Amino acid sequence: MPTDWIMGLIGGLLIGTGGAVFLLGNGRIMGASGLIGGLVDGTGRGNAGERIAFLAGTALLPLLLVLTLGPVDNHLTGNLVLLVAGGLLVGIGTRIANGCTSGHGVCGISRLSLRGIVATCFYILAGGLTITLFRHVLGVV
């Protein structure tokens, strides 16, 4: 099996396990945009410590892996403007959709949530259309 598939499988298992542990431990859905959004808009003050700890773990673990295993080719563009614009658009989209791929896709689908299934279908469709437009039509990426 190619390394990309193995790494994708391991990453998916880790995200799924993290979502299950978060749900079982807190009784709430693990959605990164909801965790960040609650810190930004102030609605998550009551549990800010656990939100910060979770988000710090999602940022620090990849850093730790790079330091121990070495750098990974992520196939991203080197264009900083595209990366920042993409990040901002994803953040805006997750707030409009009331959730992100970890909340809707991983946790929503696993709970057979119709809202999560529909949102995930639209995420995948929008991602496919975006890469088709930018890579194959505009030749940007």
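Refer to the structure above for everything that follows.
Rules used in this analysis
- Residues numbered from 1 in each chain as written.
- Predicted model: local features only at pLDDT ≥ 70, side-chain atom pairs only at ≥ 80, totals over all residues.
- Heavy atoms only, no water.
- Helix = DSSP H or I, 4+ residues; strand = E, 2+ residues; numbered from the N terminus.
- Buried < 20%, exposed > 50% of the residue type's maximum accessible area, 1.4 Å probe, protein only.
- Contact = heavy atoms within 4.5 Å.
- Areas by Shrake-Rupley, 256 points an atom, 1.4 Å probe, with all protein chains shown as cover.
- Lys, Arg positive; Asp, Glu negative; His and termini not counted.
- Charge placed at Lys NZ, Arg CZ, Asp CG, Glu CD.
- Expected span 1.5 Å × (residues − 1).
- Axes fitted to C-alpha atoms, helices over the stretch in contact; angles between N-to-C directions.
- Parallel < 35°, antiparallel > 145°, perpendicular 65-115°, else oblique.
- Left-handed = near helix turned anticlockwise from the far one by under 90°.
- Nonpolar A, V, L, I, M, F, W, Y, C, P; charged D, E, K, R; others polar.

Some details on the overall build of the protein
Argument step 1. A count of helices and strands for the protein gives 6 helices and 0 strands.
Argument step 2. Reported as C-alpha extents along the three principal axes, the dimensions of the protein are approximately 45 × 35 × 30 Å.
Argument step 3. Relative to its 141 residues, the protein shows a buried fraction of 19%.
Argument step 4. Long-range pairs, those at least 24 residues apart, make up 39% of the contacts in the protein between residues at least 6 apart in sequence.
Argument step 5. Surface summary for the protein: the accessible area is close to 10000 Å², and the carbon and sulfur share equals 74%.
Argument step 6. If the 7 positive side-chain charges of the protein are averaged to one point and the 4 negative ones to another, these points end up 13 Å apart.

Observations concerning the environment of Phe 54
Argument step 1. Examined against the element boundaries, Phe 54 turns out to sit in helix H3 (residues 48-69).
Argument step 2. As a C-alpha pair, Phe 54 and Val 66 span 12 residues in sequence and 19 Å in three-dimensional space.
Argument step 3. Excluding residues within four positions of it along the chain, Phe 54 makes contact with Phe 22, Met 30 and Leu 35.

What to know about H3
Argument step 1. Between the first and last C-alpha of H3 there are 31 Å, a value that for 22 residues agrees with the 32 Å anticipated at 1.5 Å per step.
Argument step 2. The positive-phi residue at the C-terminal boundary of H3 is Gly 70, with phi of around 100°.

Notes on the packing of helix H5 (residues 101-110) against helix H6 (residues 114-137)
Axes are the key here: two packed helices are described by the angle between their axes and the distance separating the axes.
Argument step 1. Running from amino to carboxyl end, H5 crosses H6 at an angle of 130°, the nearest separation of the two axes being 8 Å. The angle between H5 and H6 falls in the class oblique. Taken as a pair, H5 and H6 cross one another with a handedness that is left-handed. Across the interface between the two elements, Thr 101, His 104, Gly 105, Gly 108 and Ile 109 from H5 touch Arg 115, Gly 116, Ile 117, Ala 119, Thr 120 and Tyr 123 from H6.
Argument step 2. Its residues assigned to classes, the contact of H5 with H6 shows 4 nonpolar, 6 polar and 1 charged.

Topic: H6
Argument step 1. An ideal rise of 1.5 Å per residue puts 34 Å on 24 residues; H6 measures up with 33 Å between its terminal C-alpha atoms.
Argument step 2. All of the buried residues in H6 are Gly 116, Ala 119 and Thr 120.
Argument step 3. Structurally, H6 contributes buried residues whose contacts are with H5.

Some words on unusual backbone geometry
Argument step 1. With a phi close to 60°, Leu 112 is a non-glycine residue in the positive phi region.
Argument step 2. Along the chain, Leu 112 turns up in the loop between H5 and H6.
Argument step 3. Assessed through its relative accessible area of 70%, Leu 112 is described here as exposed.

Things to note about the side chain of His 104
Argument step 1. Relative to the helices and strands, His 104 resides in helix H5.
Argument step 2. A relative accessible area of 6% means that His 104 is categorised as buried.
Argument step 3. Setting aside its immediate chain neighbours within four residues, His 104 contacts Ala 97, Asn 98, Gly 99, Ile 109, Arg 115, Gly 116, Ala 119, Thr 120 and Tyr 123.

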